[in-house]
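Report on the structure
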Amino acid sequence: MLAFSFMVGMWLATRRGRRYGLPAETIVDIIFGILVSSIIGVRLFYVFTHLGEFHPWYRAFFIWDGGLTLYGGIATATLAVWWMCRKRKIPFLVLADILAPTVMLGIGFTRIGCFLAGCCHGQPTDCSCGVVFPDGSPADRLYGAIAVHPSQLYASLGGFLAFGLLLLMEKWSRFRGATFGRFLTLYGIMRFLVDFTRYYHPDQVMMFGWSNNQWISIGLMIAGTIVLVWGAAGKFGGDWKSENSHG
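One pass over the full model with this rule turns up three salt bridges. Note that Glu170 is salt-bridged to Arg16, the shortest N-O span being 2.5 Å. With Glu170 in the loop between α6 (151-169) and α7 (178-194) and Arg16 in helix α1 (residues 2-18), the pair connects residues that are 154 residues apart, well separated along the chain. A salt bridge links Arg191 to Asp195, with the shortest nitrogen-to-oxygen separation between them at 3.0 Å. The buried category is assigned to Arg191, whose relative accessible area is 3%. Here Asp195 falls in the buried class, since its relative accessible area comes to 3%. The network of salt bridges with shared partners includes Arg16, Arg19 and Glu170.

Given below as structure tokens:
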């Protein structure tokens, strides 16, 4: 599902890039950089926050066993995009606006993969939407044969909904970074809410009983709000629809 999300994202990003005056070859090159950096990031962040799971240590390289943290991928991919934009003299916020909806779409598909792998599962629930995972799965090893929240599917639905909202709200975009700012805010809200249903090891639970990822979500919401406020104040340039941002 991760591979599928990149295939769909590449197709969509190249189409969106035309509206910004960016050739498809440039978008494809950058997406391959995102592919490598994000896969490294999602695994590294998970490993560093779940060190007790990796005995022997080389199991950290067994990515097929599940265990990915999207925030790690977002962080490394953002740094990679920033660096590649500098190399190509492309405004970072222009490319961020192009890619933001494709990231949300990718999250929708990738979280389905998490559900199929059994990782990132939820806490026990009596809700009718609860899922009993098969023997030997992470949820079964932790709780036994009882229903847990399908937190992965909640996140998937949130990704698809946010994808639609980002495309819809682009009609009212009047400055560079508008879509990127909304992406940060929407994903932060979605992740913060979904994580109330998700299981976390006690080591990852922090102040107020919130997970480390929920605190990161708050940071994303603040960052997204700052981008939107500064953009509305004219700090990032005008409407991308009325100018060729590159080329």
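Structurally, His149 is set in the loop between α5 (138-143) and α6. Here His149 falls in the buried class, since its relative accessible area comes to 14%. Once residues within four sequence positions are removed from consideration, His149 is found in contact with His121, Gly122, Gln123, Pro124, Thr125, Cys127, Tyr154 and Thr197.

With that out of the way, let us pick up the environment of Thr179. Relative to the helices and strands, Thr179 is located in helix α7. Assessed through its relative accessible area of 1%, Thr179 is described here as buried. Separated by 85 residues in sequence, Thr179 and Val94 place their C-alpha atoms 9.4 Å apart. Setting aside anything within four residues of it in sequence, one finds Thr179 in contact with Asp97, Ala100, Pro101, Leu166, Glu170 and Ser173.

What counts, and where the lines are drawn
- Per-chain numbering applies: the sequence of each chain, read as written, is numbered from 1 onward.
- This being a predicted model, a pLDDT of at least 70 is required before a residue's local features are given, and a value of 80 or more before pairs of side-chain atoms are given or counted; all residues contribute to the totals for chains, interfaces and linings.
- Side-chain measures here rest on the full set of heavy atoms in the structure, leaving out hydrogens and waters.
- The term salt bridge refers to a pairing of a side-chain nitrogen on Lys or Arg with a carboxyl oxygen on Asp or Glu at a separation within 4 Å.
- Only DSSP runs of H or I with at least four residues qualify as helices, and only runs of E with at least two residues qualify as strands; both kinds are numbered from the N terminus onward.
- Buried residues are those whose accessible area, probed at 1.4 Å on protein chains only, stays under 20% of the maximum for their type, while exposed residues exceed 50% and partly exposed ones sit between those limits.
- Any two residues whose heavy atoms approach within 4.5 Å at even a single point are treated as in contact.

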